[in-house]
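# Coordinate analysis (summary)
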Amino acid sequence: MNCTKCDRDAVVHAAYSGAHLCEYHLRASVEKRVRRRIRQDGLVGDDATPESPETWLIGLSGGKDSIVLTSILEETFAEDPRIELVALTIHEGIEGYRDESLDAASELADGLDIHHEVVSYTDEFDLEMDDVVEKDPEGMAACAYCGVFRRDLLADYAEAFGADKLLTGHNLDDEAQTALMNFFEGDVAQMAKHFDASLGPFDERAETDEFVPRAKPLRDVPEKEVALYAHLADLPVHMAECPHSTEAYRGEIQELLLDMEERHPGTRHSIMAGYEELAKLAASAYGEDGADLGECERCGNATTRDVCRTCQLTEAVHAV
């Protein structure tokens, strides 16, 4: 099958659009969608200037999503003095996994000449995920612990670097899964938080000085196309799955979405289009009733509790 846009051999069939794309046009399509999302969400602030540039901190894990995002961002803003990119890699302490992805992240950052910082759970929390999984004091999935720790470190280092934006490599599949999980759980409040935290355009989000605002420029691109882009661009990527990745519920949602997408192409895009509208309405309704944030008694980070979730979990692990 030839590419819909030229006579080259197609490398992918995007069933949701009907397009058959060659290597060149697949890469161009992914890059176009990332740049369009940057414009639509208003990532580049009106007050960003060469004299007072914005700093964007990228969560660079070394997996395909963050590697592709970082590569496209660097190419897009390499000659734009209004934007400075900084990459942060978090080493969770997972034997036989994170070291390889760290190598991929470091290789990319070095090649692009992007400042690259590496932090670890060992240094920050005096624990490793391998130990957390073994002890499991809360009886939770490994991802539940890790998600809390990672979010905390990303937020802390975004603030430490004086970042104006915190960018992560969530793709279309990731976001559609989260949307469907919130639907199924009936969690309207979480939909509102999702919109204000990372989903809505910056000029439509509730203002807060407590956290560095987040963005997901890759969220219009299906996971399969991200992986293919990484391969075609010959990017250094660690493709292995985390050995502790056992989010059973999200896995069920993932399988459901893949099945629906195969039988009804465009399902993920439709879910997100409707979800974004509902999340915006939810954010408007919940905006005045948001929980008051205080300071954690242990670490001083913003939290709605006396002791933040990160401190609760680290203390639970160390108590075993």
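In the annotation of an unreviewed UniProt entry, the protein is listed under the name N-type ATP pyrophosphatase superfamily protein and assigned to Halococcus thailandensis JCM 13552.

A contiguous nonpolar surface patch, about 550 Å² in accessible area, is contributed by F183, F184, Y249, L256, L278 and L281. Within the residue set of the nonpolar patch, elements represented by two or more residues are α7 (172-185), α10 (248-263) and α11 (267-286). Along the chain, F184 turns up in helix α7.

Within this structure, the stated rule accounts for five aromatic pairs. Ring centres of W56 and F77 lie 5.0 Å apart, and the angle between their planes is 75°; on these two criteria the pair is classed as edge-to-face. With W56 in strand β3 (residues 54-59) and F77 in helix α2 (residues 64-77), this pair connects stretches of sequence that are 21 residues apart. The exposure classification of W56 matches that of F77, with both residues buried. Ring plane angle 35° and centroid distance 5.1 Å describe the contact between F125 and F149, whose orientation is recorded as tilted. Of this pair, F125 sits in helix α4 (residues 121-125) while F149 sits in helix α6 (residues 142-160); the two residues are 24 residues apart in sequence, bridging distant segments of the chain. Members of the aromatic cluster, joined through ring pairs, are Y121, F125 and F149. The side chain of R27 reaches across the aromatic face of Y229, ending 5.6 Å from its centre. Here R205 stacks its cationic end above the ring of F202, 4.1 Å away from the centre of that ring.

Proximity of charged atoms lets side chains of opposite charge pair with each other. Going through the model one piece at a time under the given rule, you end up with 20 salt bridges. Here R219 makes a salt bridge to D41, at a shortest N to O gap of 3.3 Å. Of this pair, R219 sits in the loop between β7 (214-215) and α9 (223-232) while D41 is found in the loop between α1 (23-40) and β3, placing the two residues 178 residues apart along the sequence. Residue classification places R219 among the buried positions, given a relative accessible area of 3%. Given a relative accessible area of 2%, D41 falls into the buried group. Measuring nitrogen to oxygen at the nearest pair gives 2.8 Å for the salt bridge that ties E92 to R150.

Partitioning the protein into structural domains gives domain 1 (46-290) and domain 2 (291-319). Here domain 1 meets domain 2 over a buried area of about 1,300 Å², counting both sides, of which 67% is carbon and sulfur. The tally of links from domain 1 across to domain 2 stands at zero salt bridges. Our enumeration of links across domain 1 and domain 2 arrives at three residue pairs in polar contact (both at pLDDT 80 or more). Those elements that provide at least two residues to the side of domain 1 that touches domain 2 are α5 (129-135) and α6. Counting residues per element, the side of domain 1 that touches domain 2 draws most heavily on α6, which supplies five residues.

Bringing the nonpolar core into the picture now. With 36 residues, the main nonpolar core has L26, I38, W56, V68 and L73 as its most contacted residues. Of all the secondary structure elements, the ones that give two or more residues to this core are β2 (19-21), α1, β3, α2, β4 (83-91), α3 (98-112) and α9. The dominant element in this core, judged by the number of residues it contributes, is α2, at six residues. Not counting residues up to four positions away in its chain, the partners in contact with L26 are V11, V12, L21, E225, L228, Y229 and L232. Grouped together as the second largest cluster of nonpolar side chains are 26 residues, I90, L127, L154 and Y157 included.

On to the packing of α7 against helix α8 (residues 188-199). As a packed pair, α7 and α8 sit with axes 10 Å apart at the nearest point and diverge in direction by 155°. Judged by the inter-axis angle, α7 sits roughly antiparallel to α8. Touching E175, T178, N182 and F183 of α7 are Q190, M191, H194 and L199, all from α8. Its residues placed into classes, the contact of α7 with α8 shows three nonpolar, four polar and one charged.

Turning our eyes to something else, we now look at α10. Compared with an ideal rise of 1.5 Å per residue, which puts 16 residues at 22 Å, α10 spans 23 Å between its outermost C-alpha atoms and is within 8% of the ideal. For α10, every residue scored as buried is listed here: I253, L257 and E261. For α10, the angular spread of buried residues about the axis comes to 70°, placing them on one side. Exposed side chains of α10 directed beyond 90 degrees from the buried face belong to A248, E252, E255, E262 and R263.

Rules behind the numbers
Residues numbered from 1 in each chain as written. Predicted model: local features only at pLDDT ≥ 70, side-chain atom pairs only at ≥ 80, totals over all residues. Heavy atoms only, no water. Patch = residues over 30% accessible without salt bridge, like charges linked within 9 Å, V, L, I, M, F, W, Y side chains within 5 Å. Areas by Shrake-Rupley, 256 points an atom, 1.4 Å probe, with all protein chains shown as cover. Salt bridge = Lys/Arg side-chain N within 4 Å of Asp/Glu carboxyl O. Helix = DSSP H or I, 4+ residues; strand = E, 2+ residues; numbered from the N terminus. Phe/Tyr/Trp six-rings, centres within 6.5 Å; stacked < 30°, edge-to-face > 60°. Buried < 20%, exposed > 50% of the residue type's maximum accessible area, 1.4 Å probe, protein only. Lys NZ or Arg CZ within 6 Å of the ring centre and 35° of its normal. Domains from an automatic or database assignment. Buried area = accessible area lost by both parts, 1.4 Å probe. Polar contact = N/O pair within 3.5 Å; in protein donor to acceptor, adjacent residues only side chain to side chain. Core = buried A, V, L, I, M, F, W, Y, C linked by side-chain atoms within 4.5 Å. Contact = heavy atoms within 4.5 Å. Axes fitted to C-alpha atoms, helices over the stretch in contact; angles between N-to-C directions. Parallel < 35°, antiparallel > 145°, perpendicular 65-115°, else oblique. Nonpolar A, V, L, I, M, F, W, Y, C, P; charged D, E, K, R; others polar. Expected span 1.5 Å × (residues − 1). Arc of directions from axis to C-beta.

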